[in-house]
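# An overview of the molecular structure
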Amino acid sequence: MSEVKLAASVRTKFGKGAARAIRRDGQVPAVVYGHGSESAHVTLPAHDLALALRTPNVLLSLDVEGKTELAIPKAVQRDAIKGFLIHVDLLLVRSGEKVTVEIPVQTEGELAAGGNLLEHVLGTLSIEAEATHLPEAVTVSVEGLEAGASILAKDIALPKGSTLVTDADAVVIQVLAAQAEEPAAEGESTEGAEA
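Residues numbered from 1 in each chain as written. Predicted model: local features only at pLDDT ≥ 70, side-chain atom pairs only at ≥ 80, totals over all residues. Heavy atoms only, no water.

### Focus: the overall build of the protein chain
In terms of helices and strands, the protein chain carries three helices and 13 strands. By the compact-globule yardstick of 16 Å for 195 residues, the protein chain is too spread out, its C-alpha radius of gyration being 24 Å. Principal axes of the C-alpha set define a box for the protein chain whose edges measure 85 × 40 × 25 Å. Scored against the burial criterion, the 195 residues of the protein chain give a buried share of 33%. By element, 49% of the accessible surface of the protein chain is carried by carbon and sulfur atoms, the whole surface being about 11,700 Å². Taking the 16 positively charged and 28 negatively charged side chains of the protein chain as two groups, their mean positions are separated by 19 Å. (Helix = DSSP H or I, 4+ residues; strand = E, 2+ residues; numbered from the N terminus. Rg over C-alpha atoms; globule rule 2.2 N^0.38 Å. Buried < 20%, exposed > 50% of the residue type's maximum accessible area, 1.4 Å probe, protein only. Areas by Shrake-Rupley, 256 points an atom, 1.4 Å probe, with all protein chains shown as cover. Lys, Arg positive; Asp, Glu negative; His and termini not counted. Charge placed at Lys NZ, Arg CZ, Asp CG, Glu CD.)

Spelled out as structure tokens, the structure:
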């Protein structure tokens, strides 16, 4: 995983009005916390941050007034309608430190013939990994799976250096049989028989 470098400015004004003004200037208000230090209120460039957040569990290298800090996103608030960034909480991390994160589960391959359906019971897995080597996702093969088959969390091969936090017996993916057409309603079938 590569680091994304962002320049951060310390925030001195707070409240809704100040946050709106920050967003109008192309910035996003953020809070950086962790390691027992006091929370730092900063602003980050909105466009660069939005691009960085496209990568799950991105490692951010923040330049805060000449001091470089490593952080990962912990909470991201977006506008419900337009989707732009409203606020971000960032967790400070150090090289070699273990953190718990959610990683997306992706599938590859084709199910067995027969019109079966693939259900993602869990869209993400909770894992513990080194903060500077967080995996972006985990890929699971569903090649040839039949109806009734399921894949448990413990069956998924995790990237090197990662350990599973999600319950090992949790169903992540299952294959459902295709639904048959509903039979005609009783009233319809008796009318046809009488005629």
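### Observations concerning the sheet that holds strand E3 (residues 37-45)
Spatially, the six strands close up into a barrel ordered E1-E3-E2-E6-E5-E4, and their pairing is mixed. Strand-to-strand twist of the sheet, defined as the mean angle between neighbouring strand axes without regard to direction, takes the value 45°. Here strand E4 (residues 59-64) runs beside strand E5 (residues 67-78); their pairing, made up of five bridges, is antiparallel. Of the residues in E5, the one forming a bridge with valine 64 is lysine 67. Packed onto the sheet, helix H1 (residues 16-24) meets strand E2 (27-34), E3 and strand E6 (85-93) and runs at close to 115° relative to E2. (Pairing = 2+ DSSP bridges. Axes fitted to C-alpha atoms, helices over the stretch in contact; angles between N-to-C directions. Contact = heavy atoms within 4.5 Å.)

### Points about the pattern of salt bridges
Side chains that differ in charge, positive against negative, can pair when their charged atoms come close. Throughout the structure, instances matching the rule amount to two salt bridges. For lysine 67, the salt bridge is made with glutamate 69, and the minimal N-O distance between the two is 3.3 Å. Taking the relative accessible area as the measure of exposure, glutamate 69 reaches 23% and is therefore partly exposed. Notably, a salt bridge pairs aspartate 169 with lysine 154, separated by 2.9 Å at the nearest N-O pair. Of this pair, aspartate 169 sits in the loop between strand E12 (163-164) and strand E13 (171-176) while lysine 154 sits in the loop between strand E11 (150-152) and E12; the two residues are 15 residues apart in sequence, bridging distant segments of the chain. (Salt bridge = Lys/Arg side-chain N within 4 Å of Asp/Glu carboxyl O.)

### A few points about the nonpolar core
Counting residues in each nonpolar core, the largest one holds 22 residues, and the members touching the most others are Ile72 and Leu125. When contributions to this core are tallied by element, the ones reaching two or more residues are E5, E6, strand E7 (98-108), strand E9 (124-130), strand E10 (138-141) and E13. Of all the elements, E7 adds the most residues to this core, at four residues. Excluding its chain neighbours within four sequence positions, the residues that come into contact with leucine 125 are Val101, Glu102, Ile103, Val105, Val138, Ala153, Ile156, Leu158, Leu164, Thr166 and Val172. With 19 residues, the next largest nonpolar core counts Val32, Leu44, Leu62 and Ala71 among its residues. (Core = buried A, V, L, I, M, F, W, Y, C linked by side-chain atoms within 4.5 Å.)

### Thoughts on unusual backbone geometry
Backbone geometry at glutamate 65 places phi at a positive 50°, although glycine is not the residue there. Here glutamate 65 shows up in the loop between E4 and E5. For glutamate 65, a relative accessible area of 66% gives the class exposed.

### Points about the environment of aspartate 25
Residue position: aspartate 25 is located in the loop between H1 and E2. The class of aspartate 25 is exposed, set by a relative accessible area of 61%. Distance in space between the C-alpha atoms of aspartate 25 and alanine 46 is 9.0 Å, their sequence separation being 21 residues.

### Observations regarding H1
Taken as a whole, H1 has its buried residues at Ala18, Ala19 and Ile22. End-on, the buried residues of H1 take up no more than an arc of 100°, which puts them together on one face. Seen from the open side of H1, the exposed residues pointing more than 90 degrees away from its buried face are Lys16 and Arg24. Against E2 and E3 lie the buried residues of H1. (Arc of directions from axis to C-beta.)

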